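Residue-level listing of the chains:
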Amino acid sequence: MKVIEATGANFEQEVLKSDKPVLVDFNAEWCGPCRMMKPVLDQLAADRGDIKVVSVNIDDEDELAEEYGISSIPCLVVFRDGAETARNIGFVPREAVEALIGD
Amino acid sequence: MYDIIIIGAGPAGMTAAIYARRASKSVLVLEAKSYGGQIVSTPDIENYPAEPHISGFDFATRLYEQATALGAEFRFEKAVEIRVEGKVRTVVTARGSYEAGALIIATGSECRRLGLPNEDELVGRGVSYCATCDGAFFKKKTVAVVGGGNTALEDALYLADLAETVYLIHRRDEFRGEDATVAKLKERENVRFVFNSTVTALKAEKKLTAIEVTNKSGEVTELEVNGLFVAVGRIPENRNFASLISLDEAGYAKASENCRTDTPGVFVAGDNRTKEVRQLVTAAADGATAATEAVKYLASL
Ligand SMILES: Cc1cc2nc3c(=O)[nH]c(=O)nc-3n(C[C@H](O)[C@H](O)[C@H](O)COP(=O)(O)OP(=O)(O)OC[C@H]3O[C@@H](n4cnc5c(N)ncnc54)[C@H](O)[C@@H]3O)c2cc1C
């Protein structure tokens, strides 16, 4: 699968109501480490059908960023059944992202 | 077994990789986080020779691509220990261990923390060490900057353009940073100076809500803030290697311009070394020197 762009309008549908675990990447164009994270997440989304990878641009979606208490990016948040289960701030290599998602 | 293992993929480590590969040595670079080091989050670099303007991300990515194109291997693992046995130098990471003839330690430095109990868990929930990275989350909000050097002053000035109010908290009554920046800050109506004071507690409900500030006479005040930017200096990342390299009081690896340490075949390069100027160009210079010295060392065996 590809990384899905989420907005305030589809966040509930794509993330909170998803039956697969969702990895949400809060990011921005101007953020260097976020741009390093992108290829890692693109590859992860392509390889793993059992999860969903969602990107939220915090400049366009400042309300979502506020709602989830994001104050530093890149910030990866894992949701399962609509609830947050893990969070990481800063660039991390693929293995660490997979560890964050869990089994 | 590699010819040379480099610990740290910052500007010093990646430059060392370029020089070592061009000398036809096999090279492994171990990196704990992302390639690029400290510079990755900086929007503008304007003092690198022949490069009037480049972002930290582009600088780091070009350096990384240059090193990988020359055949340097990168692994994203943190080095936790180094060992020396005869001619073999071993680097232990969380996932395994790697051997080489020579080592270059180019681990740079990291931001000093305040050392408050709940500080780590509030990083990304109001506590930050990088104003240019995280300032955007505090538009029209109240923030505090703690520190008295140039980084703290520049952070306060940057945040003054975004935030509604900026408290600048400093443990003395005079700044170490440049007078010109202090003068600019004094002109800003939304900057409040809090002198002779330290941050002694962080109050939070899921995210940071207030900080407790204690002044020299022991008076405690609480400031409601949405964000706290910590700019109290950097500390060199040499702790894991202290058994084999000697450090000065501040923790920098003692080495002269030749980048040699007390242990033959173990070199240091970049911001974690004792030196006067810690910049990209001096980090790159160290990388070149350390790699050249390592190649000479291998040839002498
Ligand atoms: C905000 C900011 C702005 C700056 N702007 C400029 C500028 O405009 N111009 C300029 O010339 N300089 C600038 N600098 C300074 C410059 O970034 C540094 O001098 C330079 O990055 C030092 O390079 P380095 O390779 O020695 O260390 P670092 O950049 O610190 O890189 C060290 C690397 O080693 C890794 N590492 C640490 N420990 C381990 C371990 N145990 N195992 C594996 N990896 C490890 C780290 O994760 C890091 O990637 C700036 C610095 C900052 C913080």
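Residues numbered from 1 in each chain as written. Chains lettered and ligands numbered in written order. Predicted model: local features only at pLDDT ≥ 70, side-chain atom pairs only at ≥ 80, totals over all residues. Heavy atoms only, no water.

## Concerning the pattern of salt bridges
Point 1. On inspection of all chains with the given rule, the structure shows 27 salt bridges over all chains.
Point 2. With a closest N to O distance of 3.7 Å, Asp 58 of chain B and Arg 35 of chain A form a salt bridge. In this pair, Asp 58 of chain B is assigned in helix H2 (residues 56–69) and Arg 35 of chain A in helix H2 (residues 32–47), connecting two distinct chains.
Point 3. Classification of Asp 58 of chain B as partly exposed rests on a relative accessible area of 31%.
Point 4. For Arg 48 of chain A, the salt bridge goes to Glu 98 of chain A, with nearest N and O atoms at 2.7 Å. (Salt bridge = Lys/Arg side-chain N within 4 Å of Asp/Glu carboxyl O. Helix = DSSP H or I, 4+ residues; strand = E, 2+ residues; numbered from the N terminus. Buried < 20%, exposed > 50% of the residue type's maximum accessible area, 1.4 Å probe, protein only.)

## Quick word on unusual backbone geometry
Point 1. Omega for the peptide link from Ile 73 of chain A to Pro 74 of chain A comes to 0°, which places this bond in the cis form.
Point 2. Looking at the secondary structure, you find Pro 74 of chain A in the loop between helix H3 (62–67) and strand E4 (75–80).
Point 3. The backbone phi angle of Ser 24 of chain B is positive, close to 65°, even though this residue is not glycine.
Point 4. On the secondary structure map, Ser 24 of chain B appears in the loop between helix H1 (11–22) and strand E2 (27–30).
Point 5. A relative accessible area of 60% places Ser 24 of chain B in the exposed class.
Point 6. Although it is not a glycine, Ala 50 of chain B adopts a positive phi angle of roughly 65°.
Point 7. Assignment of secondary structure puts Ala 50 of chain B in the loop between E2 and H2.
Point 8. The exposure class of Ala 50 of chain B is exposed, given its relative accessible area of 84%.

## Quick notes on the packing of helix H5 (residues 150–160) of chain B against helix H6 (residues 179–187) of chain B
Residues and elements named next belong to chain B.
Point 1. Contact geometry for H5 and H6: axes closest at 10 Å, N-to-C directions at 30°. The orientation of H5 relative to H6 falls into the category roughly parallel. For the element pair H5 and H6, the recorded crossing hand is left-handed. Along its contact with H5, which presents Leu 153, Glu 154, Ala 156 and Leu 157, the element H6 presents Thr 181, Val 182, Lys 184 and Leu 185. (Axes fitted to C-alpha atoms, helices over the stretch in contact; angles between N-to-C directions. Parallel < 35°, antiparallel > 145°, perpendicular 65-115°, else oblique. Left-handed = near helix turned anticlockwise from the far one by under 90°. Contact = heavy atoms within 4.5 Å.)

## Observations regarding the sheet that holds strand E12 (residues 197–205) of chain B
Residue and element names in this part refer to chain B.
Point 1. The antiparallel open sheet is built from three strands, whose spatial order is E12-E13-E14. One side of each edge strand has no neighbouring strand; the edge strands of this open sheet are E12 and strand E14 (220–224). Shown here is a sheet whose adjacent strand axes are inclined to one another by a mean of 25°, direction ignored.
Point 2. Sheet topology places strand E13 (residues 207–215) next to E14; five bridges connect them, and they run antiparallel. When the sheet's bridge partners are listed, Ile 211 is paired in E14 with Leu 223. (Pairing = 2+ DSSP bridges.)

## Some thoughts on the state of the cysteines
Point 1. This model, assessed by the stated rule, comprises two disulfides over all chains.
Point 2. Paired by a disulfide, Cys 31 of chain A and Cys 34 of chain A hold their sulfur atoms 2.2 Å apart. Disulfide Cys 31 of chain A-Cys 34 of chain A: torsion about the S-S bond near 80°, hence right-handed. In this pair, the class of Cys 31 of chain A matches that of Cys 34 of chain A, namely buried.
Point 3. In this model, Cys 130 of chain B is linked to Cys 133 of chain B through a disulfide, with the two sulfur atoms separated by 2.1 Å. On the S-S bond that ties Cys 130 of chain B to Cys 133 of chain B, the torsion sits near 70°, and the link is right-handed. (Disulfide = S-S within 2.5 Å.)

## A look at the site of the ligand
Residues and elements named next belong to chain B.
Point 1. Taken together, 30 residues lie around the ligand, and Glu 31, Gln 38, Asn 47, Asp 271 and Leu 280 are the ones closest in.
Point 2. With respect to the ligand, the backbone of Pro 11 contributes an N or O atom lying 3.2 Å from an oxygen atom.
Point 3. Separating a nitrogen atom of the ligand from a side-chain N or O atom of Glu 237 is a distance of 3.2 Å.
Point 4. Burial of the ligand by the protein chains amounts to 86% of its free accessible area of 1,000 Å².
Point 5. At the level of secondary structure, the elements contributing two or more residues to the shell around the ligand comprise H1 and helix H7 (280–300).
Point 6. For the shell around the ligand, the residue count by class is eleven nonpolar, twelve polar and seven charged. (Near = heavy atom within 4 Å. Polar contact = N/O pair within 3.5 Å; in protein donor to acceptor, adjacent residues only side chain to side chain. Areas by Shrake-Rupley, 256 points an atom, 1.4 Å probe, with all protein chains shown as cover. Nonpolar A, V, L, I, M, F, W, Y, C, P; charged D, E, K, R; others polar.)

## A closer look at the domain arrangement of chain B
Point 1. As assigned here, chain B comprises domain 1 (2–110 + 234–300) and domain 2 (113–230).
Point 2. Using only C-alpha atoms to locate each centre, domain 1 of chain B and domain 2 of chain B end up separated by 33 Å. (Domains from an automatic or database assignment.)

## Here we look at the packing of aromatic side chains
Residues and elements named next belong to chain B.
Point 1. Using the criterion set out here, one finds twelve aromatic pairs over all chains in the structure.
Point 2. Plain terms: the ring middles of Tyr 64 and Phe 74 are 4.8 Å apart, the flat faces sit at 70° to each other, and that makes the pair edge-to-face. Of this pair, Tyr 64 sits in helix H2 while Phe 74 sits in strand E3 (residues 73–75), and the two are ten residues apart along the sequence.
Point 3. Taken together, a centroid distance of 5.4 Å and an interplanar angle of 55° make the contact between Phe 175 and Phe 195 tilted. (Phe/Tyr/Trp six-rings, centres within 6.5 Å; stacked < 30°, edge-to-face > 60°.)

## Regarding H1 of chain B
All names here are of chain B.
Point 1. Here H1 is twelve residues long and its end C-alpha atoms lie 17 Å apart, about the 16 Å a rise of 1.5 Å per residue gives.
Point 2. Judged by how many residues are buried, H1 sits mostly within the fold: nine of twelve residues are covered.
Point 3. Its buried side turned inward, H1 meets strand E1 (2–7), E2, H2, E3, strand E6 (97–105) and H7.
Point 4. Once H1 finishes, Ser 24 follows within two positions and takes phi at roughly 65°, a positive value. (Expected span 1.5 Å × (residues − 1).)

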